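Close look at the chain arrangement
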Amino acid sequence: MPRAMNNVAAHRRHKKVLNRARGNYAGRGKLYRTAIETVHKGMAYAYRDRKVNKRNFRRLWITRITAAAKINGINYSTLIRGLKKAGVALDRKMLADIAVRDAATFGRLADMAKSA
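Residues numbered from 1 in each chain as written. Predicted model: local features only at pLDDT ≥ 70, side-chain atom pairs only at ≥ 80, totals over all residues. Heavy atoms only, no water.

Describing the nonpolar core
Selection criterion: Buried Ala, Val, Leu, Ile, Met, Phe, Trp, Tyr and Cys residues that are joined via side-chain atoms within 4.5 Å together make up what is termed a nonpolar core. Throughout this description, buried means an accessible area under 20% of the type-specific maximum (1.4 Å probe, protein chains only), exposed means over 50%, and partly exposed covers the range between. Put simply, DSSP marks the helices as runs of H or I at least four residues long and the strands as runs of E at least two long, and each gets a number from the N terminus on.
With 17 residues, the main nonpolar core has Ile65, Ile74, Leu79, Leu83, Leu95, Phe106 and Leu109 as its most contacted residues. Contributing elements (two or more residues each) for this core: helix 3 (32–71), helix 4 (76–86), helix 5 (92–101) and helix 6 (103–115).

See the structure below:
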């Protein structure tokens, strides 16, 4: 009696990996073994870079807030501490958006931070 190999499941597994590896150069997109390595490495990079992306955006927001704060004659740390004391519950993403789009409102926030 011949050995049962469950080829249907194996083909499905291979197809899943090869579909994820599409677009890669040469054997990385065509051969199963190298495609597995490529897919695993790509998924590791994707996981890592999702975290890095959040980090980069936070840096961007802080840079924008700092620039707007300096225009209003206050530094970043004093602004953040003053807003916390004043009870303003805006996060850095919102503050950066206000700094870019609405300078007058940001100026009022900076004044609140100075007085607090």
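Thoughts on unusual backbone geometry
One non-glycine residue, Asn6, adopts positive backbone phi at about 55°. Along the chain, Asn6 turns up in the segment before helix 1 (7–20). For Asn6, a relative accessible area of 55% puts it in the exposed group. The phi dihedral of Ala26 falls on the positive side, at around 50°, and the residue is not glycine. Within the element layout of this structure, Ala26 appears in the loop between helix 1 and helix 2 (27–30). Residue Ala26 is classed as partly exposed on the basis of its relative accessible area of 46%.

Here we look at the packing of helix 5 against helix 6
Our working rule: Every axis in this analysis is a line fitted to C-alpha atoms, fitted for helices over the stretch in contact. Angles between the N-to-C directions lie between 0 and 180 degrees. For classification, angles of less than 35 degrees are called roughly parallel, those exceeding 145 degrees roughly antiparallel, those between 65 and 115 degrees roughly perpendicular, and all remaining angles oblique. The contact criterion used throughout is that any non-hydrogen atoms of two residues lie within 4.5 Å. Under the scheme applied, nonpolar residues are Ala, Val, Leu, Ile, Met, Phe, Trp, Tyr, Cys and Pro; charged residues are Asp, Glu, Lys and Arg; polar residues are all the others, including Gly.
Remark: helix 5 packs on helix 6, axes separated minimally by 6 Å, with the N-to-C direction vectors making an angle of 125°. Relative to helix 6, the element helix 5 lies oblique. Facing helix 5, whose interface residues are Leu95, Ile98, Ala99 and Arg101, helix 6 presents Ala103, Thr105, Phe106 and Leu109. Along the lines of polarity and charge, the residues of the contact of helix 5 with helix 6 split into six nonpolar, one polar and one charged.

Overview of the pattern of salt bridges
Selection criterion: Within this document, salt bridges are pairs made up of a side-chain nitrogen of Lys or Arg and a carboxyl oxygen of Asp or Glu, the two lying within 4 Å of each other.
Within the structure shown, the criterion is met by two salt bridges. Here Arg48 makes a salt bridge to Asp49, at a shortest N to O gap of 2.9 Å. With a relative accessible area of 43%, Arg48 lands in the partly exposed category. Since its relative accessible area comes to 34%, Asp49 is described here as partly exposed. As a salt-bridge pair, Asp97 and Arg101 come within 2.7 Å of each other at their nearest N and O atoms. Of this pair, Asp97 and Arg101 both sit in helix 5, four residues apart, which is roughly one turn of that helix. Residue Asp97 is classed as partly exposed on the basis of its relative accessible area, which comes to 36%. Relative accessible area serves as the criterion here: at 68%, Arg101 is assigned to the exposed category.

In short, geometric facts, not functional conclusions.
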